[in-house]
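Structural characterization, general
Residues per chain are reported as follows:
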Amino acid sequence: MANRTVKDASTVKGTNPQYLIEKIIRSRIYDSRYWKEECFALSAELLVDKAMELKYVGGVYSGNIKPSPFLCLVLKMLQIQPDKDIIVEFIRNEDFKYVRSLGAYYMRLTGSSLDCYKYLEPLLNDYRKVKFQKRDGTFHLSHVDEFIDELLREERVCDVILPRIQKRHVLEENEMLDPRTSALDDDLDDIGESSEEEEEEPVPSPPRQLIERHVGYRGRRSPSPRERYNGRRSPSPPMRYSRRSRSRSPRRRRRSRSPPPRRNRSRERERSRERARSPLIHRSSHHTSSSRRHNDNEHESKSSQKRRHRDDDDKREEKREEKHSKKKKKHSKKDRVKDEGNNEIRVQNELRAKLGLKPLRP
């Protein structure tokens, strides 16, 4: 009896309002502890207090499909079916964001397409944070406008399939709904007007005095450093410079006119001969050094070959000794076996002789 819909309740979408929630989830809600303790004998007036106590929005969670308090209150509202004015007050409430979310969710389930767009679109300007519960039981932060956008666009919210509504452009074409005006349009208009005013403002021209100063300064010729220096110094009478004539002494004249000293030709010949001999000496020294290197290399190669031969001979001797030792071992084993066999034959022959039997052949 406690789970039945109110008698005076009207049908929603042609069916019982509680049937908007799937049967499995509905049966889990009826078996939940929150439904039995908090939602029993709950009226429309008491429903407000329970809605104010909500701390998050969610559907079902965990593997056992446990319903959240938010979903339990939604089913209770479908069961008692409160008046439309109460739901509108839920939506317009600005103090409690979860009460607003509960009213918007109920309006999306039971309201018509016009009512959904009329009452839910203004909530897109609400940017307050809301806590949501996931299917695995964890929580994440979202916003009221995101929740309202999901109600208008998605087919499944809080694990409940939402009834279909008409598209907005269809209602606008039929003149049943006015075009949507965004809150950002006013800001965009203000930005556009301010940019136009900035473009129309003329650039202020500089005053006339500054232009004349600039032109006069450019027309002047900058003084040279000599003029600046002369301007600083006091004016003085012009000085007459007299050229000094240098008279050369006869001794200097003789030195300048004297011919250059003669070079010793014999020294030059000796130097040329030494230069001619030097490449031969260099070649001979290079030849001797290369021959020495060649001899050293040959000596090293011969010594390395001798070492290799010695190593090979040592290895061969070791192999021979190993083979000889193995043969000795084999012969010693054979001799031992023969000796043992002969001793056994002797002992048996002695016994046979005592018994009067024929001896065995060795």
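Because the structure is a prediction, the values reported are computed rather than measured.

**Some points on the overall build of the protein chain**
Assigned secondary structure in the protein chain consists of 14 helices and 6 strands. Burial statistics for the protein chain: of 362 residues in total, 24% are counted as buried. Relative to all contacts within the protein chain whose residues are 6 or more apart in sequence, the contacts with residues 24 or more apart total 61%.

**A closer look at the packing of aromatic side chains**
Evaluation of the coordinates by the stated rule reveals 5 aromatic pairs. Grouped by ring-pair contacts, the aromatic residues Phe70, Tyr105, Phe132 and Phe147 constitute a single cluster. The lysine or arginine in question, Lys131, covers the ring of Phe139, its NZ or CZ lying 5.5 Å from the ring centre.

**Thoughts on helix H3 (residues 44–52)**
Turning to H3, its buried residues number three or more, namely Leu47, Lys50 and Ala51. Relative to the axis of H3, the buried residues are bounded by an arc of 100° and lie together on one face. At its buried positions, H3 is contacted by helix H2 (33–37), helix H4 (69–80) and helix H6 (97–110).

**Things to note about a positive patch on the surface**
Among the surface-exposed residues, Lys315, Lys319, Arg320, Lys323, Lys326, Lys327, Lys329, Lys330, Lys334 and Lys338 lie close enough to one another that they form a single positively charged patch. Topologically, Lys338 is positioned in helix H14 (residues 265–355).

**Thoughts on H6**
An ideal rise of 1.5 Å per residue puts 20 Å on 14 residues; H6 measures up with 20 Å between its terminal C-alpha atoms. With 12 of 14 residues buried, H6 lies mostly within the body of the structure. Residues of H6 that are buried include every one of Tyr98, Val99, Arg100, Ser101, Leu102, Gly103, Ala104, Tyr105, Tyr106, Met107, Arg108 and Leu109, and no others.

**With respect to the pairing of strand E4 (residues 139–143)**
The pairing of strand E3 (residues 129–133) with E4 spans 5 bridges and is antiparallel. Residue pairing across strands places Gln133 opposite Phe139, the latter belonging to E4. Once E3 ends, the chain turns through 5 residues before running back antiparallel as E4, passing Gly137 with a positive phi of about 95°.

**Examining unusual backbone geometry**
Unusually for a residue other than glycine, Ala41 sits at a positive phi of about 55°. Here Ala41 lies in the loop between H2 and H3. On the basis of relative accessibility, which here comes to 60%, the residue Ala41 falls in the exposed class. Located in the positive-phi region is Glu175, a residue other than glycine, with phi close to 60°.

**Concerning a negative patch on the surface**
On the surface, Asp311, Asp312, Asp314, Glu317, Glu318, Glu321 and Glu322 cluster together into a negatively charged patch. With respect to the helices, strands and loops of the structure, Glu317 is situated in helix H14. Judged by relative accessible area, Glu317 falls into the partly exposed class, the value being 46%.

**Things to note about the confidence of the model for the protein chain**
Averaged over every residue, the pLDDT of the protein chain is 78; residues scoring 70 or more account for 73%. Residue range residues 280–284 is modelled with pLDDT below 50. Its contacts to residues more than four positions away, or to other chains, number 0 contacts.

**A look at the pattern of salt bridges**
Summed over all chains, the structure comprises 11 salt bridges. Between Lys50 and Glu38 there is a salt bridge; the shortest N-O distance is 2.5 Å. With Lys50 in helix H3 and Glu38 in the loop between H2 and H3, the pair connects residues that are 12 residues apart, well separated along the chain. Looking at Lys50, the relative accessible area reads 17%, which means it is buried. Given a relative accessible area of 27%, Glu38 falls into the partly exposed group. Notably, a salt bridge pairs Arg128 with Asp126, separated by 2.9 Å at the nearest N-O pair. Residue Asp126 is classed as buried on the basis of its relative accessible area, which comes to 8%. Connected through salt bridges with shared partners, the residues Arg100, Asp126 and Arg128 form a single ionic network.

**Some remarks on the nonpolar core**
Core analysis: the biggest nonpolar cluster contains 55 residues, and Phe70, Leu102, Tyr105, Phe147 and Ile148 have the highest contact counts within it. Those elements giving two or more residues to this core turn out to be helix H1 (23–31), H3, H4, helix H5 (84–92), H6, helix H7 (113–120), E3 and helix H8 (144–153). If we skip the residues at most four places from it in the chain, Tyr105 touches Phe70, Val74, Phe147, Leu151, Val157, Cys158, Val160 and Leu162.

Conventions adopted
- Residues numbered from 1 in each chain as written.
- Predicted model: local features only at pLDDT ≥ 70, side-chain atom pairs only at ≥ 80, totals over all residues.
- Heavy atoms only, no water.
- Helix = DSSP H or I, 4+ residues; strand = E, 2+ residues; numbered from the N terminus.
- Buried < 20%, exposed > 50% of the residue type's maximum accessible area, 1.4 Å probe, protein only.
- Contact = heavy atoms within 4.5 Å.
- Phe/Tyr/Trp six-rings, centres within 6.5 Å; stacked < 30°, edge-to-face > 60°.
- Lys NZ or Arg CZ within 6 Å of the ring centre and 35° of its normal.
- Arc of directions from axis to C-beta.
- Patch = residues over 30% accessible without salt bridge, like charges linked within 9 Å, V, L, I, M, F, W, Y side chains within 5 Å.
- Areas by Shrake-Rupley, 256 points an atom, 1.4 Å probe, with all protein chains shown as cover.
- Salt bridge = Lys/Arg side-chain N within 4 Å of Asp/Glu carboxyl O.
- Lys, Arg positive; Asp, Glu negative; His and termini not counted.
- Charge placed at Lys NZ, Arg CZ, Asp CG, Glu CD.
- Expected span 1.5 Å × (residues − 1).
- Pairing = 2+ DSSP bridges.
- pLDDT = per-residue confidence, 0-100.
- Core = buried A, V, L, I, M, F, W, Y, C linked by side-chain atoms within 4.5 Å.

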